[in-house]
Amino acid sequence: MAQIPGIFWVVVVGCAIGIVFALALIRYILRADAGTPAMQDVNSRIAEGAWAFIRRQYSTIGITALVVAALIGFLLARLSSPAELEMLGVSAVGLGWRTALAFLVGGICSCVSGIVGMWIAVKSNVRCAAASHRGLNEAIKVALRGGAVSGFLIVTLSLLGVTIMFFAYGGATHPEIAPHLIVAFGFGASMVALFAQLGGGIYTKAADMGADLAGKVEAGIPEDDPRNAAVIADQVGDNVGDCAGRGADLFESTAAENIGAMIIGTALYLISVKAGMAPLTAVGWVLFPLVIRACGIIASMIGILAVHSRREGENPMDALNRGYYVALALCGASMVGICKVMFGPLASGWLWLMAAGLVGIITSVVVVYITQYYTEARYKPTRSIAEASRTGPATNFVTGMSVGFETIMPTALVICIALALTYWFGTLSGLDLPWWISGAYGTAIATMGMLMTCPFILAEDTFGPITDNANGINEFTKAGDHIRKVTDHLDATGNTTKALTKGYAMVSAGLAGFLLFQAYFDRVLLFQGKEGQLFNINLVIPEVLIGAVLAIMMVFLFSAWALRSVGNAASKIIDEVLRQIKSDPGIMAGTSRPDYARAVDITTRAALKGMIAPGLLPVLLPVLIGVFFAYVKISGFSAPAAVGSFLMVGTFASILLASFMNNGGGAWDNAKKYIEDGQLKDEAGNIIGKGSPTHAAAVAGDTVGDPLKDTVGPSLHIVAKLIATVTLVLCPLWIV
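Residues numbered from 1 in each chain as written. Predicted model: local features only at pLDDT ≥ 70, side-chain atom pairs only at ≥ 80, totals over all residues. Heavy atoms only, no water.

**Q** I would appreciate a short explanation of the overall build of the protein chain in the present structure.
**A** Scanning the protein chain from N- to C-terminus turns up 24 helices and 0 strands. Against the 2.2 N^0.38 benchmark of 27 Å for 736 residues, the protein chain shows a C-alpha radius of gyration of 25 Å, consistent with a compact globule. Over its C-alpha atoms, taken along the principal directions, the protein chain stretches across nearly 80 × 55 × 45 Å. For the protein chain, the residues scored as buried account for 66% of the 736 residues in total. Long-range contacts, defined as pairs at least 24 residues apart, comprise 85% of the intrachain contacts of the protein chain with a sequence gap of at least 6. As displayed, the protein chain has an accessible area near 23,500 Å², and 66% of this comes from carbon and sulfur atoms. Here the protein chain holds 48 positive side-chain charges and 49 negative ones, and the gap between their average locations is 3 Å. (Helix = DSSP H or I, 4+ residues; strand = E, 2+ residues; numbered from the N terminus. Rg over C-alpha atoms; globule rule 2.2 N^0.38 Å. Buried < 20%, exposed > 50% of the residue type's maximum accessible area, 1.4 Å probe, protein only. Contact = heavy atoms within 4.5 Å. Areas by Shrake-Rupley, 256 points an atom, 1.4 Å probe, with all protein chains shown as cover. Lys, Arg positive; Asp, Glu negative; His and termini not counted. Charge placed at Lys NZ, Arg CZ, Asp CG, Glu CD.)

Rendered as structure tokens:
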């Protein structure tokens, strides 16, 4: 352990605190009031459906992962060049089994993250509903602390997994090699996360659309009315899509970005050691991502504990924001301290590296405010959609699309400004390195800074589906209007927090995309024996241009297949709900209970079938491009450049399209809730509420936005990082 500095103990302490805090939160949730027997009965049905789906989904994912792991191991063992193997210091078989094992460990950890997220959400749903009977403050605490269990366990598991794999693969003695051997950990996590998010997203939005259209529009009953056969499937969907899917998503985000930053750090480590610096000091370049992630866990914990409502009628978003500001302040202080300790001996201009990290933290705040502006009903964009609903669904659709497309501009500007600033700061850091390496590391530090508050953001994300389920349980059990008002308010806040998480994930994916591009280029140059050189991609070259065009095609084709899967599944649910209502008049009279299990089964089968084709597309296409151009030369240029252009263009096409989908969908949803809350009025001051043609138009708009914001948009975040981890792991196949 001669090359591991003492500050690395921060990682050990951070992981321990994260686990202990999560266990304390679990104890708090399980000891909370679980509500009336009627509430518990509804929640048990939701839990039964959720576990049935998870078992079937992860069985399918597990089989797929085993096949992919075996294929990766075989291909790398057979096709890796002697130069690559010599560079990594392993045999062909050794590289194959190490890569396959890292892939499986990453996939298993991602599965565990998703399951933990869903389990605690199911336990928290009914307790949040029960807490709402005692007031807003109690309900906020239960929902946020239930979400925080996911946030802290998932981020801690990610940090722990990467750390253990790093040392298991020789990181203590060869820190310049180990990150290259564990890239498959991120690939396994990304692939499992995509299938989990995609399958869960198809399930949740098919059930939600079915419950909305068949219940509210066709039958004229509320979405969460017990007479609606899709109501349990809808509540199940919140858990398997928004909780299990997003848990796996953010696990792979933190894991892949940690590894990418470490790979860039290896280039700096090698150059520093060659320049005569002691390895014990130089290894700080590689270990910084792990140390700063541990600091983020501790800061986010204090931020969660700071959340409380000051008065009963306070906007829940204000209470959440106060806790977030506490976490941000502590993250900023940690960034300053850690940069001074770790980079002070390495770079004369370490203050510029610190500034890059602070830009990442500030970027996360800017994203939060942009998302709030476009998705909260307090602001013009969402209200404009509600106003447009007066003249029918067509104007609702057009206005919602315009809001969604407009959100691409601030998202793109934030990414561009953050990239430019942090890259520039990296070049000013006084490192005796080529400008492109020091600049890339500045951006890597910014990405780590932005992701420091990931546990808090994930807690806010899971807060959303917990409050949504709590609202549904209250409506199902016919709670009073004053109680529904509490959970309605929380549900609207939950829509905003979910949108915030997606905005946060989008912009962090943009910064991470640049980080992962550089990691891919460094890995290719390492295998080519050209480490430290500049990797050029020229769009005039045919292979490169083809790769870029295919990347854009992949993003839109993926979206089309995913949306079609939601539409097909939703149609089956609508038909089933209406069939049950027509065949049994006692359902509408309240004397018969619908067949909830039938709707759950239909949605489960449709979701699992629909996730396969779009899930495999971003895994297979970059590999096919790389292998094809490795052996079919058009202009004589290398396949790595063609795959590099696919990676760069595909990443940003995914992020910008996801911005449209996430923010547009969130605005559509809150425009509907704005009307349901009785806030839209006509010229005479009369409330335009539920049951009106305006409300029906808003419901139709919400059903358009739902699969965008909860299925395709979040899945595109993962696609942006999955294509990076695929190319990182399998690039030896096309370096010939």
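More follows now that the structure is in view.
**Q** Explain helix α18 (residues 481–527) here, please?
**A** Helical geometry: 3.6 residues make up each α-helical turn, so side chains three or four residues apart lie on a common side. Over its 47 residues, α18 runs 66 Å from end to end, which matches the ideal 69 Å to within 8%, given 1.5 Å per residue. Taking the largest bend as the criterion, α18 deviates by roughly 25°, centred on Leu511. Most of α18 sits out of view: 41 of its 47 residues are buried. In the stretch just after α18, Gly529 is the one whose phi turns positive, near 70°. (Expected span 1.5 Å × (residues − 1). Bend = angle between axes of the 7 residues up to and from the residue.)

**Q** I'm lost on the side chain of Asn43 in this one. Help?
**A** Note that Asn43 resides in helix α2 (residues 37–79). Excluding its chain neighbours within four sequence positions, the residues that come into contact with Asn43 are Val122, Asn125, Val126 and Ile473.

**Q** Even after reading the chapter, I still don't get the packing of aromatic side chains, so can you show me in this structure?
**A** Geometry of an aromatic ring pair is reported as the spacing of the ring centres plus the angle between the planes. Counting across every chain of the model gives 20 aromatic pairs. On the numbers, 5.2 Å between centres and 75° between planes, the contact of Phe166 with Phe167 is edge-to-face. According to the relative accessible area criterion, Phe166 is buried, its value standing at 0%. Aromatic ring contacts, followed pair by pair, group Trp285, Phe288, Phe343 and Tyr441 into a single cluster. (Phe/Tyr/Trp six-rings, centres within 6.5 Å; stacked < 30°, edge-to-face > 60°.)

**Q** Would you mind going over the state of the cysteines with me for this structure?
**A** Here, the word disulfide means a covalent bond between the sulfur atoms of two cysteines. For the structure on display, the rule yields 0 disulfides. Between Cys331, a cysteine without a disulfide, and Cys295, which holds the nearest cysteine sulfur, the sulfur-to-sulfur distance is 8.5 Å. Residue Cys331 is classed as buried on the basis of its relative accessible area, which comes to 0%. Its sulfur unpaired, Cys339 is 9.9 Å from the next cysteine sulfur, which belongs to Cys295. (Disulfide = S-S within 2.5 Å.)

**Q** Is there a simple way to think about the environment of Gly323 in this case?
**A** In this fold, Gly323 is placed in helix α11 (residues 316–343). Take Gly323: its relative accessible area is 0%, and that puts it in the buried class. Along the chain, Gly323 and Ser300 lie 23 residues apart, while their C-alpha atoms are 8.6 Å from each other. Not counting the four nearest positions on each side in its chain, Gly323 is found in contact with Gly303, Ala306, Val307 and Phe456.

**Q** Any chance you could explain the packing of helix α5 (residues 136–168) against helix α10 (residues 284–305) here in plain terms?
**A** Helix packing geometry: the angle between the two helix axes and the distance between the axes. One way to put it is that α5 packs onto α10 with a least axis distance of 11 Å and a crossing angle of 165°. In terms of their interaxial angle, α5 and α10 are classed as roughly antiparallel. The element α5 and its partner α10 pack so that their crossing is left-handed. Judged by residue contacts, Leu144, Arg145, Ala148, Phe152, Val155, Thr156, Leu159, Val162, Thr163 and Phe166 of α5 engage Val286, Leu287, Leu290, Arg293, Ala294, Ile297, Ser300, Met301, Ile304 and Leu305 from α10. When the residues that make up the contact of α5 with α10 are grouped by side-chain class, the tally is 15 nonpolar, 3 polar and 2 charged. (Axes fitted to C-alpha atoms, helices over the stretch in contact; angles between N-to-C directions. Parallel < 35°, antiparallel > 145°, perpendicular 65-115°, else oblique. Left-handed = near helix turned anticlockwise from the far one by under 90°. Nonpolar A, V, L, I, M, F, W, Y, C, P; charged D, E, K, R; others polar.)

**Q** Would you mind going over the nonpolar core with me for this structure?
**A** Formed by 240 residues in total, the largest nonpolar core has its most connected members in Phe288, Phe343 and Trp734. A total of 18 residues in this core trace back to one element, the largest contributor, which is α18. Ignoring anything within four residues of it in the chain, the contact list for Trp734 reads Tyr520, Pro622, Val623, Gly626, Val627, Ala630, Ala639, Pro640, Val643 and Thr727. Within the second largest apolar cluster, 12 residues are counted, among which are Ile574, Leu578, Ile581 and Ile587. (Core = buried A, V, L, I, M, F, W, Y, C linked by side-chain atoms within 4.5 Å.)

**Q** What am I meant to see in a nonpolar patch on the surface here?
**A** Taken together, Trp352, Met409, Leu413, Ile417, Leu421, Trp424 and Leu428 make up a surface patch of nonpolar side chains, about 670 Å² in accessible area. Among the elements that line the nonpolar patch, the one with the most residues is helix α15 (residues 408–427), at 5 residues. Turning to its location among the elements, Met409 is positioned in helix α15. (Patch = residues over 30% accessible without salt bridge, like charges linked within 9 Å, V, L, I, M, F, W, Y side chains within 5 Å. Salt bridge = Lys/Arg side-chain N within 4 Å of Asp/Glu carboxyl O.)

**Q** Looking at this model, I keep getting lost on the pattern of salt bridges. Mind explaining?
**A** One pass over the structure, following the stated rule, counts 17 salt bridges. Between Arg134 and Asp33 there is a salt bridge, with the nearest N and O atoms lying 3.4 Å from each other. One end of the pair, Arg134, is in the loop between α4 (92–132) and α5; the other, Asp33, is in the loop between α1 (9–31) and α2, and 101 residues separate them in sequence. On the basis of relative accessible area, Arg134 is assigned to the partly exposed category, the value being 45%. Taking relative accessible area as the criterion, Asp33 reaches 40% and is therefore assigned partly exposed. A salt bridge links Glu376 to Arg378; the nearest nitrogen and oxygen atoms lie 2.8 Å apart. When its relative accessible area of 6% is taken as the criterion, Glu376 is described as buried.

**Q** I'm lost on helix α21 (residues 596–610) in this one. Help?
**A** The first and last C-alpha atoms of α21 sit 21 Å apart over 15 residues, in line with the 21 Å expected at 1.5 Å per residue. When α21 is considered as a whole, its buried residues turn out to be Tyr596, Ala599, Val600, Ile602, Thr603, Thr604, Ala606, Ala607, Leu608 and Gly610. Measuring from the side-chain oxygen of the N-cap residue of α21 to the backbone nitrogen of Arg598 gives 3.2 Å; that N-cap residue is Asp595. (Polar contact = N/O pair within 3.5 Å; in protein donor to acceptor, adjacent residues only side chain to side chain.)

**Q** How do you make sense of the environment of Val619 when you look at a structure like this?
**A** Here Val619 is to be found in helix α22 (residues 612–631). Put simply, Val619 and Val719 are 100 residues apart on the chain and 8.8 Å apart in space, counted from C-alpha to C-alpha. Residues contacting Val619, with those up to four places away along its chain left out, are Phe187, Met191, Leu722 and Val726.

**Q** Would you take a moment to explain the side chain of Arg145 for this structure?
**A** Residue placement: Arg145 occurs in helix α5. Within the buried set, Arg145 has no salt-bridge partner at all; the shortest N-O distance to an opposite charge, 8.2 Å, is to Glu138. Those residues in contact with Arg145, other than ones at most four positions away along the chain, are Leu25, Tyr28, Ile29 and Leu305.

**Q** Would you mind showing me how to read the confidence of the model for the protein chain here?
**A** One rule of thumb: low pLDDT means the predicted coordinates there are not for detailed reading. Here the protein chain averages 84 in pLDDT, and 96% of its residues register 70 or above. Mean pLDDT values for the elements of the protein chain range from 74 in helix α3 (residues 82–88) up to 94 in helix α14 (residues 393–406). (pLDDT = per-residue confidence, 0-100.)

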